[in-house]
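Chain by chain, the residues:
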Amino acid sequence: MAKVVFKFEQEDLKPVTVLNADVDESILDVAEDNDIHLNHNCGGVCACSTCHIYVERGGEYLEEISDKEEDFIDRAINPRLESRLGCQSIILEEDAEIEITIPDQRLIIGHEH
Ligand code: FES
């Protein structure tokens, strides 16, 4: 099982550590399974930028970024070198240790799923 630590830009949210993330799950899946709010307006098919996250550690355990993903990241709020799309960040290894920062979701026009 992989370990994923979620941190939040929104100051009133405390970090959450998930110890039972599965290989082949996306970071969006892991967030949803653990009631962590991450927008995903296109439903997780790499066609928006609302699931934008920052991968602070463990990016090497995630599936490589595609050109299409990079294009959508360019349209996200405050893209950085460590930016990814949560729905495209698939966990590849059983013993992965990954640390994510979730941008302030209040700044993103999302819709609840
Ligand atoms: S949910 Fe739209 S790109 Fe990830």
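Rules and cut-offs
Residues numbered from 1 in each chain as written. Predicted model: local features only at pLDDT ≥ 70, side-chain atom pairs only at ≥ 80, totals over all residues. Heavy atoms only, no water. Helix = DSSP H or I, 4+ residues; strand = E, 2+ residues; numbered from the N terminus. Rg over C-alpha atoms; globule rule 2.2 N^0.38 Å. Buried < 20%, exposed > 50% of the residue type's maximum accessible area, 1.4 Å probe, protein only. Contact = heavy atoms within 4.5 Å. Areas by Shrake-Rupley, 256 points an atom, 1.4 Å probe, with all protein chains shown as cover. Lys, Arg positive; Asp, Glu negative; His and termini not counted. Charge placed at Lys NZ, Arg CZ, Asp CG, Glu CD. Core = buried A, V, L, I, M, F, W, Y, C linked by side-chain atoms within 4.5 Å. Salt bridge = Lys/Arg side-chain N within 4 Å of Asp/Glu carboxyl O. Phe/Tyr/Trp six-rings, centres within 6.5 Å; stacked < 30°, edge-to-face > 60°. Lys NZ or Arg CZ within 6 Å of the ring centre and 35° of its normal. Pairing = 2+ DSSP bridges. Axes fitted to C-alpha atoms, helices over the stretch in contact; angles between N-to-C directions.

Novice: Explain the overall build of the chain here, please?
Specialist: Helices and strands together make up the secondary structure of the chain, namely two helices and five strands. Moving toward the C terminus, one meets the helices and strands of the chain in the order β-β-α-β-α-β-β. For a compact globule of 113 residues, the expected C-alpha radius of gyration is about 13 Å, and the chain comes in at 13 Å, within 12% of that figure. With respect to the principal axes defined by its C-alpha atoms, the chain has extents near 35 × 35 × 25 Å. For the chain, the proportion of its 113 residues judged to be buried stands at 45%. Across the chain, every contact between residues at least 6 apart in sequence was considered, and the portion connecting residues at least 24 apart equals 70%. Here the chain displays about 6,300 Å² of accessible surface, and carbon together with sulfur accounts for 46% of that area. Here the chain holds 9 positive side-chain charges and 27 negative ones, and the gap between their average locations is 6 Å.

Novice: Explain the nonpolar core to me, please; I cannot follow it from the model alone.
Specialist: Soluble, globular proteins show a tendency: their nonpolar side chains are buried together. Of all hydrophobic cores here, the largest spans 26 residues; its most connected members are Val4, Phe6, Ile27, Ile91, Ile98 and Ile100. Of all the secondary-structure elements, those providing two or more residues to this core are strand S1 (2–8), strand S2 (16–21), helix H1 (27–33), strand S3 (52–57), helix H2 (67–74) and strand S5 (97–102). Look past the residues within four positions of Ile27 in its chain and what remains in contact with it is Val4, Phe6, Ile53, Leu62, Gly86, Ser89, Ile91, Ile98 and Ile100.

Novice: Would you mind going over the pattern of salt bridges with me for this structure?
Specialist: Once their charged atoms are close, side chains differing in charge can pair, the charge on each being opposite to the other. Taken as a whole and judged by the stated rule, the model has six salt bridges. Its salt-bridge partner being Glu56, residue Arg80 comes within 3.7 Å of it at the nearest N-O pair. Pair noted here: Arg80 is in the loop between H2 and strand S4 (83–85) and Glu56 is in strand S3, with a separation of 24 residues, a long-range link. Between Glu69 and Arg84 there is a salt bridge; the shortest N-O distance is 2.7 Å. Of this pair, Glu69 sits in helix H2 while Arg84 sits in strand S4; the two residues are 15 residues apart in sequence, bridging distant segments of the chain.

Novice: Explanation requested: the packing of aromatic side chains in the structure shown.
Specialist: Each aromatic ring pair is characterised by the separation of its centres together with the angle its planes make. All told, the structure shown has zero aromatic pairs when counted by the stated rule. Here the basic side chain of Arg80 rests over the ring of Tyr54, its NZ or CZ set 3.6 Å away from the ring centre.

Novice: Before we go on, may I ask you to explain the pairing of S1 in this structure?
Specialist: Every regular strand shows the same layout, with side chains that alternate between the two sheet faces. Burial analysis of S1 places five of its seven residues in the buried class, the great majority of the element. Note: S1 against S2, four bridges, orientation antiparallel. By the bridge assignment for S2, Phe6 is matched with Val16. Bridge analysis of S1 against S5 gives six bridges, and the strand direction is parallel. Within the sheet, the bridge partner assigned to Phe8 lies in S5 and is Ile102.

Novice: Looking at this structure, I do not really get the sheet that holds S2. What am I missing?
Specialist: Whether parallel or antiparallel, the strands of a sheet pair through hydrogen bonds between backbone atoms. Pairing is mixed in the open sheet, where five strands are placed in the order S2-S1-S5-S3-S4. Across the chains shown, the open sheet's two edge strands, defined by having one partner strand only, are S2 and S4. On average, adjacent strands in this sheet sit at an angle of 35° to one another, irrespective of strand direction.

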